[in-house]
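Survey of secondary and tertiary structure
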Amino acid sequence: MYKKFIVIFSLLVLSFPKNNFSQQDSTSINPNKLVLNPKFFAIQFDAVSSLVSSEIGLSLDYDLYSSPNTKHNFGFRFSAEHYGFLSLDVGGKTEPGPFLDVNILGRYSLRGERFGFSPVIGLSYHNSMDEEYPDNAIYFKWGFEIKYNLFTNHVGLLLKIAKSSTNYGGYGGIGLAICL
């Protein structure tokens, strides 16, 4: 009796089509799973200002890994930023600058319908355009930006903060970002 049961059960299992036992794709189970998907994301022009500094920049973002729902992305940012410090001294200039930084940064992006958050970290060629304070060298740089989309993903309000390992190598402010 036991042998008959084993034979019948084995025949039943073998007679089922294979697609009844197929596995589900892991990206459909977890839409936040990162997969290798190299692609150009955007060119961003931004201008931010605060009480102590102002910045204008141009960035090219390239994603290496992204989730199928495109909310989580890892990639690179190549950028150039021109910034300076505002002087409150009536008699003349008290702060060095302006500066031009050329950056190669690693970037993580969390993108939603309205908000985006992107911390960055990497290397920056810091170029002082002030003859009194020559400070041209490669430095470590980090920062983040939070963007609120006003018009799809093309125009947004931007909170941007960056700092490098040199004196006067950072800025922060609120401004506008235009992405192409």
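Report on the accompanying structure. (Residues numbered from 1 in each chain as written. Predicted model: local features only at pLDDT ≥ 70, side-chain atom pairs only at ≥ 80, totals over all residues. Heavy atoms only, no water.)

Description of the pairing of strand E5 (residues 115–128)
In this sheet, E5 lies alongside strand E4 (residues 99–111) in antiparallel orientation, the contact comprising 11 bridges. Pairing of asparagine 103 across the sheet is with serine 124, part of E5. Here E4 folds back onto E5, and the loop between the two strands holds 3 residues. Note that E5 and strand E6 (residues 137–151) share 12 bridges and pair antiparallel. Residue pairing across strands places phenylalanine 117 opposite isoleucine 146, the latter belonging to E6. (Pairing = 2+ DSSP bridges. Helix = DSSP H or I, 4+ residues; strand = E, 2+ residues; numbered from the N terminus.)

Some remarks on the packing of aromatic side chains
Inspection of every chain in the model, using the stated rule, returns 9 aromatic pairs. When the ring of tyrosine 83 is compared with that of phenylalanine 99, the centres are 5.5 Å apart and the planes differ by 35°; the resulting orientation is tilted. Residue tyrosine 83 is located in strand E3 (residues 72–85), and its partner phenylalanine 99 is located in strand E4; the two are separated by 16 residues in the primary sequence. Residues tyrosine 83 and phenylalanine 99 agree in their burial class; the two are buried. Taken together, Tyr83, Phe85, Phe99 and Tyr171 form an aromatic cluster joined through their ring pairs. The residue whose ring lies beneath arginine 111 is phenylalanine 41, and the NZ or CZ to ring-centre distance is 3.4 Å. (Phe/Tyr/Trp six-rings, centres within 6.5 Å; stacked < 30°, edge-to-face > 60°. Buried < 20%, exposed > 50% of the residue type's maximum accessible area, 1.4 Å probe, protein only. Lys NZ or Arg CZ within 6 Å of the ring centre and 35° of its normal.)

Details of the layout of surface pockets
Volume-wise, the largest pocket comes out at about 440 Å³. Lining the largest pocket are 26 residues, and of these Phe41, Arg111, Lys147, Asn149 and Asn153 sit closest to its centre. Listing elements by their share of the lining of the largest pocket, those giving two or more residues are strand E1 (35–49), E4, E5 and E6. Residue classes in the lining of the largest pocket are distributed as 7 nonpolar, 10 polar and 9 charged. (1 Å grid on protein atoms, 1.4 Å probe; cavity = no way out; pocket = protein on both sides within 12 Å on 5 of 7 lines; lining within 4 Å. Points joined across faces, edges and corners; volume = space filled by probe spheres on them. Nonpolar A, V, L, I, M, F, W, Y, C, P; charged D, E, K, R; others polar.)

Keep in mind that these numbers describe shape and distance, not what the molecule does.
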